[in-house]
Amino acid sequence: MNNVMRNRRTLLRFLAASPLLSASLPWGRGFAAEAGPGTVDREATAADALDVFDLEAAAKRIVPPAHWGYLQSGVDGDVTLRANQSAFGHWGLRPRRFIDVSRIDYSTEVLGAKMASPVMISPIGGLRSLHLEADIGVAKAARAKNQQHIVSTQMSDVLEDIATARGAPLWFQLYTTNRIEVTRALVQRAQRAGCTVVAVTVDLPAGRNTVTAARLRREDTRQCSNCHLVDANGNQRPNTAAKTMFAGINTEGLGLTSPSLTWDFIKQLKDMTTMKVVIKGIEAREDAELAVQHGADGVMVSNHGGRAMESGRGTLESLPDVVAGVAGRIPVLFDGGVRRGTDVFKALALGASAVGIGRPYAWGLGAYGQAGVERVLDILNLELRLAMVGAGARTVKEISATSLVKA
Ligand SMILES: Cc1cc2nc3c(=O)[nH]c(=O)nc-3n(C[C@H](O)[C@H](O)[C@H](O)COP(=O)(O)O)c2cc1C
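Scoring rules and cut-offs
- Residues numbered from 1 in each chain as written.
- Predicted model: local features only at pLDDT ≥ 70, side-chain atom pairs only at ≥ 80, totals over all residues.
- Heavy atoms only, no water.
- Helix = DSSP H or I, 4+ residues; strand = E, 2+ residues; numbered from the N terminus.
- Buried < 20%, exposed > 50% of the residue type's maximum accessible area, 1.4 Å probe, protein only.
- Contact = heavy atoms within 4.5 Å.
- Areas by Shrake-Rupley, 256 points an atom, 1.4 Å probe, with all protein chains shown as cover.
- Pairing = 2+ DSSP bridges.
- Axes fitted to C-alpha atoms, helices over the stretch in contact; angles between N-to-C directions.
- Salt bridge = Lys/Arg side-chain N within 4 Å of Asp/Glu carboxyl O.
- Near = heavy atom within 4 Å.
- Polar contact = N/O pair within 3.5 Å; in protein donor to acceptor, adjacent residues only side chain to side chain.
- Nonpolar A, V, L, I, M, F, W, Y, C, P; charged D, E, K, R; others polar.
- Parallel < 35°, antiparallel > 145°, perpendicular 65-115°, else oblique.
- pLDDT = per-residue confidence, 0-100.
- Expected span 1.5 Å × (residues − 1).
- Phe/Tyr/Trp six-rings, centres within 6.5 Å; stacked < 30°, edge-to-face > 60°.
- Lys NZ or Arg CZ within 6 Å of the ring centre and 35° of its normal.

## Overview of the overall build of the protein chain
Part 1 of the reasoning: Per the secondary structure count, the protein chain includes 16 helices and 14 strands.
Part 2 of the reasoning: Counting the 407 residues in the protein chain, one finds 54% classified as buried.
Part 3 of the reasoning: A separation of at least 24 residues holds for 73% of the contacts in the protein chain among residues at least 6 apart in sequence.
Part 4 of the reasoning: Carbon together with sulfur atoms contributes 52% to the accessible area of the protein chain, which is approximately 17,400 Å² in total.

## Observations regarding the sheet that holds strand β12 (residues 332–335)
Hydrogen bonds between backbone groups are what pair the strands of a sheet, and the pairing can be parallel or antiparallel.
Part 1 of the reasoning: Spatially, the eight strands line up as an open sheet ordered β4-β13-β12-β11-β10-β7-β6-β5, and their pairing is parallel. Looking at the sheet topology across the chains shown, the edges are occupied by β4 (119–121) and β5 (150–151).
Part 2 of the reasoning: When β5 meets strand β6 (residues 171–174), the two strands line up parallel, connected through two bridges. Each bridged residue has a counterpart across the sheet, and for Val151 the counterpart in β6 is Phe172.
Part 3 of the reasoning: Strands in contact with helix α13 (residues 315–326) are β11 (298–301) and β12; relative to β12, the strand with the most contacts, it is inclined by about 170°.

## What about the pattern of salt bridges?
Part 1 of the reasoning: Following the criterion strictly, the structure yields 14 salt bridges and no others.
Part 2 of the reasoning: Where Glu160 meets Arg189, a salt bridge forms, and the shortest distance between an N and an O atom there is 2.9 Å. Here Arg189 lies in helix α9 (residues 180–192) and Glu160 lies in helix α8 (residues 159–166), a separation of 29 residues in the sequence.
Part 3 of the reasoning: Of the residues examined, Arg189 reaches a relative accessible area of 15% and is grouped as buried.
Part 4 of the reasoning: In this structure, the salt-bridge partner of Lys270 is Asp297, at a minimum N-O distance of 3.1 Å. Placement of Lys270 in helix α11 (residues 264–272) and of Asp297 in the loop between α12 (285–293) and β11 is noted, with a sequence separation of 27 residues between them.
Part 5 of the reasoning: Note on Asp297: relative accessible area 21%, which makes it partly exposed.
Part 6 of the reasoning: One salt-bridge network, held together by shared partners, links Asp51, Arg340 and Glu383.

## Describing the site of the ligand
Part 1 of the reasoning: Near the ligand you find 23 residues, and of these Pro123, Ser152, Thr201, Asp335 and Arg339 are the closest.
Part 2 of the reasoning: Lys280 places a polar side-chain atom, nitrogen or oxygen, 3.0 Å from an oxygen atom of the ligand.
Part 3 of the reasoning: Separating an oxygen atom of the ligand from a side-chain N or O atom of Asp335 is a distance of 2.7 Å.
Part 4 of the reasoning: Elements with a minimum of two residues in the shell around the ligand: α5 (65–72) and α15 (359–368).
Part 5 of the reasoning: Classifying every residue of the shell around the ligand gives seven nonpolar, eleven polar and five charged.

## Some details on the environment of Phe88
Part 1 of the reasoning: Mapped onto the fold, Phe88 is located in the loop between α6 (79–86) and β1 (91–93).
Part 2 of the reasoning: Overall, Phe88 belongs to the buried group, its relative accessible area being 2%.
Part 3 of the reasoning: Discounting chain neighbours no more than four positions away, the residues touching Phe88 are Leu316, Phe334, Gly336, Gly337, Val338, Asp343 and Lys346.

## Considerations on unusual backbone geometry
Part 1 of the reasoning: One non-glycine residue, Ala134, lies in positive phi territory at about 40°.
Part 2 of the reasoning: Among the structural elements, Ala134 can be located in helix α7 (residues 134–145).
Part 3 of the reasoning: Positive phi, close to 50°, is recorded for Ala327, a residue that is not glycine.
Part 4 of the reasoning: Checked against the element boundaries, Ala327 lands in the loop between α13 and β12.

## Comments concerning the packing of α5 against α15
Each pair of packed helices can be described by the angle between their axes along with the distance between the axes.
Part 1 of the reasoning: Remark: α5 packs on α15, axes separated minimally by 10 Å, with the N-to-C direction vectors making an angle of 160°. Relative to α15, α5 is oriented roughly antiparallel. Where α5 abuts α15, its residues Trp68, Leu71 and Gln72 lie against Arg359, Ala362 and Trp363.
Part 2 of the reasoning: Across the contact of α5 with α15, the residue classes break down as four nonpolar, one polar and one charged.

## A few points about the confidence of the model for the protein chain
Part 1 of the reasoning: Averaged over all residues, the pLDDT of the protein chain equals 90, while 89% of them reach at least 70.
Part 2 of the reasoning: Counting interchain partners and residues more than four positions distant, the pLDDT-below-50 stretch residues 1–6 has three contacts.

## Examining helix α16 (residues 370–391)
Part 1 of the reasoning: Between its first and last C-alpha atoms α16 spans 32 Å; for 22 residues at 1.5 Å apiece the expected length is 32 Å, and the two agree.
Part 2 of the reasoning: One or two steps after α16, the chain reaches Gly392, where phi turns positive at roughly 70°.

## Thoughts on the packing of aromatic side chains
Part 1 of the reasoning: Here the structure, examined in full by the defined rule, presents two aromatic pairs.
Part 2 of the reasoning: Note on Phe53 and Trp363: the rings are 6.2 Å apart at their centroids and 40° apart in plane angle, and the pair reads as tilted. Taken together, the residues span a long stretch of sequence, with Phe53 in helix α4 (residues 52–62) and Trp363 in helix α15 at a distance of 310 residues.
Part 3 of the reasoning: A relative accessible area of 2% places Trp363 in the buried class.
Part 4 of the reasoning: When the ring of Phe88 is compared with that of Phe334, the centres are 6.2 Å apart and the planes differ by 90°; the resulting orientation is edge-to-face. Within this pair, whereas Phe88 is found in the loop between α6 and β1, its partner Phe334 is found in strand β12, the two being separated by 246 residues in sequence.
Part 5 of the reasoning: Note on Phe334: relative accessible area 0%, which makes it buried.
Part 6 of the reasoning: The ring of Tyr70 has Arg307 lying over it, and the distance from NZ or CZ to the ring centre is 5.2 Å.
Part 7 of the reasoning: Here the basic side chain of Lys406 rests over the ring of Trp91, its NZ or CZ set 4.5 Å away from the ring centre.

Right under this line is the structure:
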């Protein structure tokens, strides 16, 4: 790469991280497309991606290092992050023959939400750090493909605008906060915005150690006070007050999670809202049983994409435990490490009702905005369809544990 091209890429990366500057550029919201997936093959489009890893590579070329680290990081040595993905390799699909698979229907309905397929958009905070289209771009993609969209408490766009862009009820992911009146305000706003489910994240009670993110931050010398607070030593930390869900709320001393919460909180939450309550971050059988006992409407097996505790255990390994604890009483949702339609299939076969993706759609967004997210959904749905054909499962209901074999 010559110096001119290298300087140009450096400039684009800088601008990409600066919402105020990049918003005023002539290419506006599509800076990633202008920069291409790198300047080498700048004509590439989202449609050129053959699997989600092509979009990962494309996003990596444009997203600034600190933001890339934020997205890709696990905790400690990233063991859990890797385990999430490798757990899928422990299962194979059992092909079945002479079943009429000329019509495959992978549509489904979970907690009153009709979905074109069981692939859901899991909540990711701070999406503006990846692409200017942020949550609105994701919502438009979810609308185009009719997939369930769960928005993060830490969303970059305004909830009501995201709801309008989605055109169907969102699900709202809740961080519990250490002040119940703030939690209540968030929940009530989500309900007013038409959300039908609140998914309360419980896997991050008291901090985490995101080593990969910290390493990549060191490579990135930009200071960006648009989204970060910078202390006297030049260290940056996210500015919660700048997050749209906290507009008009006194965020003095506010923590996003509360280490002292216990199961009573689920009742408090149910009393605050008529939305259905899903507990996101259940990994043990006992907790699945307790979730049902405390009135949860659903649970989500999740370890925050390997970003909370370094358990070394992939979510797919926890799924059968949780399914056993729930014993068919409420839906079990799932996310963590899903990169292929066959992964979606395996999670469904082990008892999940729907399956979330995190980083894959963020890669699509980072590379190509809305078009990239749509491409990710298309790829995963195509792969899921082919897995169903091969296993002779014509509907989501026909996907069962008999479709799998230990690899
Ligand atoms: C950059 C990033 C930010 C995230 N932000 C949130 C969040 O705000 N709330 C939440 O409940 N989960 C959050 N998650 C976890 C995802 O919802 C999801 O559980 C996880 O990404 C699934 O794993 P996967 O990335 O391997 O698909 C985040 C994940 C990533 C990668």
